[in-house]
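# A look at the structure
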Amino acid sequence: MKSWILCGALLTFGMNVLAETTIIPIETDNTALVYAVGDNGRLYQNYFGKRLSGKADYAALPQGKEAYLTHGMEDYFEPALHINHPDGNPSTLLKYQSHTVKAVDGGTETVITLADPEYADRVDLHIVAYPKENVYKEWAEIFNNEKKDIELEKFASSLLHFRAPKYYLTQYNGDWASEVHPHDQELHYGKKEIDTKLGARANMFVSPFFQLSLGKPATENEGDVLVGTLGWTGNFRFTFEVDNRGGLRVISGINPYGSAYTLGKGESFLTPEFIFTLSDRGKGKASRDLHDWARNYSLKDGLSDRMTLLNNWEATYFDFDQDKLVSLIGEAKELGVDMFLLDDGWFGNKYPRHSDTQALGDWDVTADKLPDGIGRLTEEAKKQGVKFGLWIEPEMVSPKSELYEKHKDWVITLPNRDEYYFRNQLVLDLSNPKVQDYVFGIVDDLMTKYPDIAFFKWDCNSPITNIYSTYEKMNQSHLYIDYVRGLYNVLDRVKAKYPALPMMLCAGGGGRTDYEGLKYFTEFWCSDNTDPIERLFIQWGYSQVFPAKAQCAHVTTWNRDASVKFRVNVAMMGKMGFDINLHDLNEGELAYCKQSIKDYNSLKPVIFNGDQYRLVSPHDGNHAATMYVGKDKKKAVLFAFDVHPRYDEALYNVKFDGLDPSLTYNVREINKSDGSQGEEKSYSGSYLMTVGLPLFSTSKLSSRVYEVNSI
Ligand code: DGJ
């Protein structure tokens, strides 16, 4: 990482005048993002691409586009920043003041300070570069240095400029139980926005990430592609705008929709982090770089192990009592998983939680269901040698609850209109510090009473609708943002007091999947859809940005056409768990599950911490294959699936990836349904990656797992 002031000679009226050009290159091992200060004192993005060879190259770059464009000046397109000043002037002009560079964990943070000479407002652009992982994160801090309040109408985290003959955008959208499906489009003149306005369960329809191919559509291993994601557990917006000259700007940040923010004198506004990587070797490399970055610097306990589990949700739904749970804890032990996770339905007394119609907010244990409390369950778990995890949905309230009766003022709902319920519930007003205390108190009380709770599944099933806060009163447009900030306050407190407590982020499936949330959560629930065929697609989608160890993948009874082996093998590609009634399994299936947990435990280090190669996409045909390769390239595991093969279709070899071509590897099928293992054969890494092996079959819904070990 370098930063310097470059001196150049400028000819003015026949005289040599020494002019100073400030150039700020921000480099990773493969890329460089280069800013420079123009003669007019404004900041320009001169370059973002493959790392150049040095000072002279950066100095030779022509002036690019203004970096963090503002509303109201000469630009004709979407700005990053729009401030309404106290005198009614809506324009902002930013000039370079200074910049600093300092080392941070894993990289370097550059802070470029810009200020408006007329209004004294200041913007600090923070850009952290992680050289080894080729990842950047960028955010802005906007300071009100005026004498009165200012109003922020737009407040992006980042604005990046690109110039390529063509642009292709891949977005990931869907719905409940149908998350994260890729959709491609070419961008032409004008604006394309990807955004959400759902507030709490913010990603229910669209994921907060995208891929942008430059020049031509990138494939797994080829092409220039930007992959970007916003770390914000709320409304986000990505704006892609192609201008009249074919330039593209990408603006990322909190969705300013309904969120004009008043900033008092002397206050500052911190935007969330936009995290991005630019790959010149396709989407696969971009994913692997993001996975590495996440494990090393961002995901909670990114380098640690994860627990396998048995969850009772699909096995019992709300229909359980103490005896049933005690026996399920025994089943977790029998299965060989690390933890039993008790899901929804254990709380509420005045309004017991026998269905999703009531009790959210009343976090006292239902006495007639669980007469001896959670303590009896943690005790049983201890006896059985498994950990105990608990489901909570602490941000929500049922209208039929004691909390609602006591504290209607804590609920987000319009005072003078009919209430609207999503899944029969409402969202608590986390902008209110008292509500933050209450939500923190839910976790804290449970942990104090039952210190053996070893895991929480933190659910969030409702978006914010009918938005109104009794607490915010005159600042209603702050609520979407202050809600998320309130949530982070709570999560900060939880993390500070219980730093070693792993938690799953869940929002009615994958309704919350962002890297700021994942600073507090070790993993997330990808989808309520656990049909293994659908999961092949859903896990493929999330793997673009998130490592396998963060993706909870459970074996359930969805799609009984698929064998237990097929379902288990799909789950093994993520953080495996079971959400199944063991009595639904025959003897052979149960034995297979037990064996698979043992196999998984030995493969986990590679699946969790290795490099993921998406070899054959389920989107491309009737088969799919994914591979994980240990960092030392000595061990790998490959999963191959036949989904809906056609009659007598031609089958092609699966070409391995990520191996050392000069090493020899033993390859054998493991985890076969009858407990046996395949014959071991040796090949060079080069052969496996160039010729590949015939790993697909024409048997419908069949799957195979291959272990690859260097000799
Ligand atoms: C939605 C989650 O996605 C499910 O896994 C389950 O926990 C239910 N909520 C419980 O209400």
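Bear in mind the structure is a predicted one, so any value in this text is a computation, not a measurement. (Residues numbered from 1 in each chain as written. Predicted model: local features only at pLDDT ≥ 70, side-chain atom pairs only at ≥ 80, totals over all residues. Heavy atoms only, no water.)

The antiparallel open sheet is built from three strands, whose spatial order is E6-E11-E20. Bordering the open sheet on either side are strand E6 (81-84) and strand E20 (261-263), each of which pairs with just one other strand. Along the sheet, successive strands turn relative to each other by an average axial angle of 30 degrees, direction set aside. Summarising the sheet, E6 and strand E11 (residues 150-155) pair through four bridges and their orientation is antiparallel. Opposite His 82, over in E11, you have Lys 154 as the bridge partner. (Pairing = 2+ DSSP bridges. Helix = DSSP H or I, 4+ residues; strand = E, 2+ residues; numbered from the N terminus. Axes fitted to C-alpha atoms, helices over the stretch in contact; angles between N-to-C directions.)

With respect to spatial proximity, 13 residues lie near the ligand, and among them Asp 343, Asp 344, Lys 457, Asp 459 and Asp 528 are the closest. Contacts to the ligand include Asp 528, whose side-chain N or O atom sits 2.5 Å from an oxygen atom. For the ligand, whose accessible area on its own is 290 Å², the fraction buried by protein is 97%. Among the residues forming the shell around the ligand, the class breakdown is four nonpolar, three polar and six charged. (Near = heavy atom within 4 Å. Polar contact = N/O pair within 3.5 Å; in protein donor to acceptor, adjacent residues only side chain to side chain. Areas by Shrake-Rupley, 256 points an atom, 1.4 Å probe, with all protein chains shown as cover. Nonpolar A, V, L, I, M, F, W, Y, C, P; charged D, E, K, R; others polar.)

Summarising burial for strand E10 (residues 135-143): nine of the nine residues are buried, a large majority. Every second residue of E10 is oriented toward a common face, with Val 135, Lys 137, Trp 139, Glu 141 and Phe 143 on one face and Tyr 136, Glu 138, Ala 140 and Ile 142 on the other, all of them buried. Where strand E9 (residues 122-130) lies against E10, nine bridges are found, and the strand directions are antiparallel. Within E10, the residue paired with Val 123 across the bridge is Ile 142. The loop that links E9 with its antiparallel partner E10 comprises four residues; one of these, Asn 134, has a positive phi angle of about 55 degrees. Looking at chain direction, E10 and strand E22 (residues 273-279) are connected through four bridges and run antiparallel. When the bridges of E22 are listed, Lys 137 appears paired with Ile 275. Summarising the sheet, E10 and strand E21 (residues 268-270) pair through three bridges and their orientation is antiparallel. Looking at the pairing, Glu 141 lines up with Leu 270 of E21. (Buried < 20%, exposed > 50% of the residue type's maximum accessible area, 1.4 Å probe, protein only.)

So, on to the packing of aromatic side chains. For the coordinates displayed, the defined rule picks out 39 aromatic pairs. Relative to Tyr 542, the ring of Phe 524 has its centre 5.0 Å away and its plane inclined at 75 degrees; by these criteria the two rings are edge-to-face. Of this pair, Phe 524 sits in strand E30 (residues 523-525) while Tyr 542 sits in helix H9 (residues 532-542), and the two are 18 residues apart along the sequence. Geometrically, the ring pair formed by Phe 524 and Phe 546 is edge-to-face, given 5.1 Å between the ring centres and 65 degrees between the ring planes. In this pair, Phe 524 is assigned in strand E30 and Phe 546 in the loop between H9 and strand E31 (551-555), connecting sequence segments 22 residues apart. Grouping residues by exposure puts Phe 524 and Phe 546 together as buried. What links up through ring pairs into an aromatic cluster is the set Phe 48, Tyr 136, Phe 162, Phe 210, Phe 236, Phe 238, Phe 240, Phe 274 and Phe 276. Note that Lys 197 overlies the ring of Tyr 257, its terminal NZ or CZ placed 5.2 Å from the centroid. (Phe/Tyr/Trp six-rings, centres within 6.5 Å; stacked < 30°, edge-to-face > 60°. Lys NZ or Arg CZ within 6 Å of the ring centre and 35° of its normal.)

For the rest of this paragraph, the subject is the pairing of strand E13 (residues 167-173). The buried fraction of E13 amounts to six of the seven residues, a majority that puts the element mostly inside the structure. Bridge count for E13 against strand E14 (residues 181-187) is seven bridges, and the pairing is antiparallel. Counted as the bridge partner of Tyr 168 is Glu 186 from E14. Pairing analysis gives six bridges linking E13 to strand E16 (residues 206-214), with the strands arranged antiparallel. Across the sheet, the residue bridging to Tyr 167 is Leu 214, located in E16.

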